[in-house]
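A look at the structure
Residue-level listing of the chains:
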Amino acid sequence: MSRKASSGHKTLSAGRSVAGHPRKKRLLCVMGGEVTEKQYLKMLDDVSTTATVTRKCCPRDPANLAIAAMKAKRSEDKASCSKDGGPYESYSATFVLTDVDEFSSDKLRSAERTCKAEGMRLIISNPCFEVWLIDHERTCSSSWTSTKECERQAHNLGLTTGRNNKEIVKDKLEPHINAACKNVASHRTQEHERLRYQLDTTGFAPWTDMPIVVDAVLPDVRVG
């Protein structure tokens, strides 16, 4: 699913227009994962022709992860009024990516409140990011509700490799981003959706909000 511009196109600097070309929008993704999520977002950044994705890793609980994202967003907003003598745009959207893992619903609700107050989006994968990876190959089973099981299934499907199976296999994922968005809808039950947005419990696995990020980075991919 390569969507890069041809070699004859001039690369655009983030936040600036170049020679009449449209300016790429700038997105910020702040995540708790230090390997898998970061590699996946770089893959999206590499194939996007409309956005650049800044990736910041902060291994913290959801509540403090959202606070870290808030500080990064505010800092960029403050600096965006002028840079190097020309216009400089801040992030057009900020996403806070977190797994559920062992975190409590209280931590998730706190993160959601911070995100809503700051105009950010909380992106939850329950129990873990591997739910989203599995959806590239097949619909994540409703019985795969533990981190250990999802990680095992992602590896068995050939989607992860490396130390502790935390590195993504790009060639197995990139061609199937659109399929993943469709597969997410297959396990997005009304009950899980209700629990996800109430956040009174963490019992809404398997779940992932990642199609929201994909729709921002790759607008040609429709989540349906």
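Look above for the structure.
So, here's what we can say about the structure.

Reading guide: rules and limits
Residues numbered from 1 in each chain as written. Predicted model: local features only at pLDDT ≥ 70, side-chain atom pairs only at ≥ 80, totals over all residues. Heavy atoms only, no water. 1 Å grid on protein atoms, 1.4 Å probe; cavity = no way out; pocket = protein on both sides within 12 Å on 5 of 7 lines; lining within 4 Å. Points joined across faces, edges and corners; volume = space filled by probe spheres on them. Helix = DSSP H or I, 4+ residues; strand = E, 2+ residues; numbered from the N terminus. Nonpolar A, V, L, I, M, F, W, Y, C, P; charged D, E, K, R; others polar. Buried < 20%, exposed > 50% of the residue type's maximum accessible area, 1.4 Å probe, protein only. Pairing = 2+ DSSP bridges. Expected span 1.5 Å × (residues − 1). Polar contact = N/O pair within 3.5 Å; in protein donor to acceptor, adjacent residues only side chain to side chain.

1. With respect to the layout of surface pockets
The space that makes up the second largest pocket amounts to roughly 290 Å³. Residue lining of the second largest pocket: 18 residues in total, with Gly32, Gly33, Glu37, Asp99 and Asp101 positioned closest to the centre. Listed by contribution, the elements that provide at least two residues to the lining of the second largest pocket are helix H1 (36-47), strand S3 (93-99) and helix H5 (147-156). Tallied by class, residues from the lining of the second largest pocket come to five nonpolar, five polar and eight charged.

2. Notes on empty space enclosed by the protein
All chains considered together, the criterion is met by one cavity of 30 Å³ or more. Along its surface, the largest cavity is lined by Glu37, Leu97, Thr98, Asp99, Ile123, Ser125 and Phe129. Examining the composition of the lining of the largest cavity, we find that three residues originate from one element, S3, more than from any other. Split into classes, the residues belonging to the lining of the largest cavity amount to three nonpolar, two polar and two charged.

3. Section: unusual backbone geometry
A cis amide bond, omega 10 degrees, links Asn126 with the succeeding residue Pro127. The residue after Ala205, namely Pro206, is reached through a cis peptide bond having omega -5 degrees. Within the secondary structure, Pro206 is located in the loop between helix H8 (190-198) and strand S7 (207-208). Positioned with a positive phi, Asp101 is a non-glycine residue whose angle comes to about 45 degrees. With respect to the secondary-structure elements, Asp101 resides in the loop between S3 and helix H3 (105-118). The residue Leu199 is not glycine, and still its phi comes out positive at about 55 degrees. Relative to the elements of secondary structure, Leu199 occurs in the loop between H8 and S7. Classification of Leu199 by relative accessible area gives buried; the value is 2%.

4. Regarding the sheet that holds strand S1 (residues 25-31)
Reading across from one edge, S2-S1-S3-S4-S7 is the order of the five strands in this open sheet, with mixed pairing throughout. Strands with a single pairing partner mark the edges of an open sheet, and in this sheet they are strand S2 (51-57) and S7. Here S1 runs beside S2; their pairing, made up of seven bridges, is parallel. Paired with Lys25 across the two strands is Ala51, which belongs to S2.

5. Observations concerning H1
Counted at 1.5 Å a residue, the expected span for H1 with its twelve residues is 16 Å, and the 17 Å between its end C-alpha atoms agrees. Of the positions making up H1, those classed as buried are Thr36, Glu37, Tyr40, Leu41, Met43, Leu44, Asp45 and Val47.

6. A few points about the environment of Ser146
Looking at the element boundaries, Ser146 is found in the loop between helix H4 (130-137) and H5. Each C-alpha atom, one on Ser146 and one on Val100, is 9.9 Å from the other, the two residues being 46 residues apart in sequence. Here Glu149 takes part through its backbone nitrogen, which lies 3.1 Å from a polar atom of the side chain of Ser146.

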